[in-house]
Amino acid sequence: MAGEDTGAAVITGAEEGSFARSVLAERHPALIRQVREATAYPPEQQRRLDALLEEIAGGVVAPLPAGSHDADRWAEWGREHVGRPWYEVPFLWAESYFYRRLLEAVGYFGPGAWQGIDPFGPFKRAELSGPEVEEELAALDEVAAMPPEEQDRALLTGALWGNRADLGFRLSSRAASHSAADPGSERVVADDSDALWRHLRHPRPPGGHAAPAGPAPATVCVLADNAGRELIPDLLLADHLLQTRRAAAVVLHVKPYPYFVSDATTADVADCLRRITQAPGHAGRVGARLREAVAHGRLTVRAHPFACAPLPYADMPDDLRAELAAATVTIAKGDLNYRRLVGDRTWPATTPFARLTSYFPGPLVALRTMKCDVAVGLDPQTVAGLDASGRTWRTSGAYAVIHFSSP
């Protein structure tokens, strides 16, 4: 189970020059400055943002104000971390808590006039209206003309590499330079996509016995990651699964509030559906189908509170566990979900993905471009080649994995 193996250390930002250290020391301060520049916040919000910037620059972790939204829950989650230097606490917790503190600073949870205002909204809207989205939607005309198996591959690949469209990742100039250094090096270094498609043809219910021939599987759950340029390919894949009858229903799990710069919320789903529907050609037709799927309950959106918890999926609550156990397959998108699935630890890269996710209640596929130190599920030859390349392959965003496991 994720996190039980004490042979793999929990990742922190304590090591100088580490990726985790760069996020805490460079990316987070840069984000605070960009949030201030993007929105004309009044003096109180600016003062709180300055205080947060000063704290993370070298101070210790401070608690949420007493009585603030979910302060008791975060006090429980952070009972071993509050009062310690930011660089010494677990990286996954520190990142999550930083975003919760940023929302507190800008008054997102209220009460007040700024309640519910997404501090990352300007970045998300700018991306959604950009030329890259227009080009990617126009490319659907070509995808629609492909043979069925090529459509499968194209839309799954789009959802995989769309994960690189991460606004937080772009804030790190070092990461950006690495990902652009060798554009020809992009490749999938572990690919279980064939196993996924076989499973969707012949799903296995709880107990491991093959399902009898019959109607399409009931439900595919998607644990979404980023909004905008990543969420659109996720919605296109959902439409494809519904159209090809691999799924009778798709459940899209998003964040209940803004998180990790570009993580998708329900408002972002609505914005992306609107953008797809407004596009010309095949994309517009897909958008109309998706809207109809929402209207008839074949595409639903969930925003479970656990989506914003700084905890591994091994600790998921019973109601979420039951929902994912009933799914034909759960598709987990992105680095954050990946780290929560396997544990944010210094695993050897050859550690089997299936072993670390054996606690998961149902079939699982992870679609992830590699943008942090955690890497598992690779064969020894691949790891040796990547290590010998001299590239920062774990964090560059130039490599990706598709892992599948089924209990």
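Residues numbered from 1 in each chain as written. Predicted model: local features only at pLDDT ≥ 70, side-chain atom pairs only at ≥ 80, totals over all residues. Heavy atoms only, no water.

1. Some points on the overall build of the protein chain
And then number 1: Each helix and strand in the protein chain was counted, giving 18 helices and 7 strands.
And then number 2: The buried share among the 407 residues of the protein chain stands at 54%.
And then number 3: Across the protein chain, every contact between residues at least 6 apart in sequence was considered, and the portion connecting residues at least 24 apart equals 77%. (Helix = DSSP H or I, 4+ residues; strand = E, 2+ residues; numbered from the N terminus. Buried < 20%, exposed > 50% of the residue type's maximum accessible area, 1.4 Å probe, protein only. Contact = heavy atoms within 4.5 Å.)

2. Quick notes on the packing of helix H4 (residues 91–105) against helix H16 (residues 334–342)
And then number 1: Where H4 contacts H16, the two axes come as close as 11 Å, and the packing angle between them is 135°. When the interaxial angle is binned, H4 and H16 end up oblique. Relative to H16, the crossing made by H4 is left-handed. Contact residues: H4 offers Phe91, Leu92 and Glu95, while H16 offers Leu336, Arg339 and Arg340.
And then number 2: Each residue belonging to the contact of H4 with H16 can be placed in one class, and the counts come to 3 nonpolar, no polar and 3 charged. (Axes fitted to C-alpha atoms, helices over the stretch in contact; angles between N-to-C directions. Parallel < 35°, antiparallel > 145°, perpendicular 65-115°, else oblique. Left-handed = near helix turned anticlockwise from the far one by under 90°. Nonpolar A, V, L, I, M, F, W, Y, C, P; charged D, E, K, R; others polar.)

3. Concerning H16
And then number 1: With 9 of 9 residues buried, H16 is to be regarded as a mostly interior element.
And then number 2: Buried residues of H16: Gly334, Asp335, Leu336, Asn337, Tyr338, Arg339, Arg340, Leu341 and Val342, and no others.
And then number 3: Elements that come into contact with the buried residues of H16 comprise H4, strand E2 (219–223), strand E5 (329–333), helix H17 (353–356), strand E6 (364–369) and strand E7 (399–405).
And then number 4: Just past H16, the residue glycine 343 takes up positive phi, approximately 95°.

4. Let's talk about the pairing of E2
And then number 1: For E2, a buried count of 5 out of 5 residues is recorded, marking the element as mostly surrounded by other parts of the structure.
And then number 2: Here E2 shows no split at all, with Thr219, Cys221 and Leu223 on one side and Val220 and Val222 on the other all buried.
And then number 3: Of the pairings in the sheet, the one linking E2 to strand E3 (residues 249–253) comprises 5 bridges and is parallel in character. For leucine 223, the partnering residue across the bridge sits in E3 and is histidine 253.
And then number 4: Traced from E2 through helix H12 (residues 231–243) to E3, the parallel crossover comes out right-handed.
And then number 5: Here E2 runs beside E5; their pairing, made up of 4 bridges, is parallel. Within the sheet, the bridge partner assigned to valine 220 lies in E5 and is valine 329. (Pairing = 2+ DSSP bridges. Right-handed = clockwise from strand over helix to strand, strands pointing away.)

5. Re the nonpolar core
Looking at soluble globular proteins, one finds that nonpolar side chains tend to be buried together.
And then number 1: In terms of nonpolar packing, the biggest core is built from 79 residues, with Leu31, Phe98, Leu102, Val342 and Leu378 touching the most fellow members.
And then number 2: A per-element tally of this core places H4 first, with 10 residues.
And then number 3: The residues contacting leucine 102, other than those within four sequence positions of it, are Leu31, Ile32, Leu49, Leu52, Pro119 and Phe120.
And then number 4: With 47 residues, the next largest nonpolar core counts Leu156, Trp197, Ala238 and Ala293 among its residues. (Core = buried A, V, L, I, M, F, W, Y, C linked by side-chain atoms within 4.5 Å.)

6. Here we look at empty space enclosed by the protein
And then number 1: Under the defined criterion, the tally for this structure stands at 3 cavities of 30 Å³ or more.
And then number 2: Of the voids in this model, the second largest cavity is the one considered here, and its volume is about 120 Å³.
And then number 3: Around the second largest cavity, the lining is made up of 15 residues, and of these Leu223, His253, Val254, Ala307 and Tyr313 lie nearest the centre.
And then number 4: At the level of secondary structure, the elements contributing two or more residues to the lining of the second largest cavity comprise helix H15 (318–325) and H16.
And then number 5: Partitioned by chemical class, the residues of the lining of the second largest cavity number 9 nonpolar, 3 polar and 3 charged. (1 Å grid on protein atoms, 1.4 Å probe; cavity = no way out; pocket = protein on both sides within 12 Å on 5 of 7 lines; lining within 4 Å. Points joined across faces, edges and corners; volume = space filled by probe spheres on them.)

7. Some details on the sheet that holds strand E1 (residues 187–191)
And then number 1: Strand order in this open sheet of 7 strands is E1-E7-E6-E5-E2-E3-E4, and the pairing throughout is mixed. Pairing within the sheet leaves two strands with one partner each, and these edge strands are E1 and strand E4 (299–302). Taking the axes of each pair of neighbouring strands and ignoring which way they run, one obtains an average angle of 15° across the sheet.

8. Topic: the pattern of salt bridges
In a structure, side chains of opposite charge can pair up when their charged atoms sit close to one another.
And then number 1: One pass over the full model with this rule turns up 21 salt bridges.
And then number 2: The partner of glutamate 16 in a salt bridge is arginine 21, and the shortest N-O contact between them spans 3.0 Å.
And then number 3: Exposure remark for arginine 21: the relative accessible area of 15% places this residue in the buried category.
And then number 4: Among the ionic pairs, arginine 339 bridges to glutamate 95, the shortest N-O distance being 2.7 Å. Of this pair, arginine 339 sits in helix H16 while glutamate 95 is found in helix H4, placing the two residues 244 residues apart along the sequence.
And then number 5: In the salt-bridge network here, residues are joined through shared partners; they are Glu44, Arg47 and Arg48. (Salt bridge = Lys/Arg side-chain N within 4 Å of Asp/Glu carboxyl O.)

9. Notes on the environment of leucine 160
And then number 1: Relative to the helices and strands, leucine 160 resides in helix H8 (residues 148–161).
And then number 2: Judged by its relative accessible area of 1%, leucine 160 falls in the buried class.
And then number 3: Considered as a pair, leucine 160 and proline 233 are 73 residues apart in the sequence and their alpha carbons are 8.5 Å apart.
And then number 4: In this structure leucine 160 touches Val188, Leu367, Arg368, Thr369, Ala400, Val401 and Ile402, once residues within four positions along its chain are discounted.

Function cannot be read off these values alone, since they describe shape.
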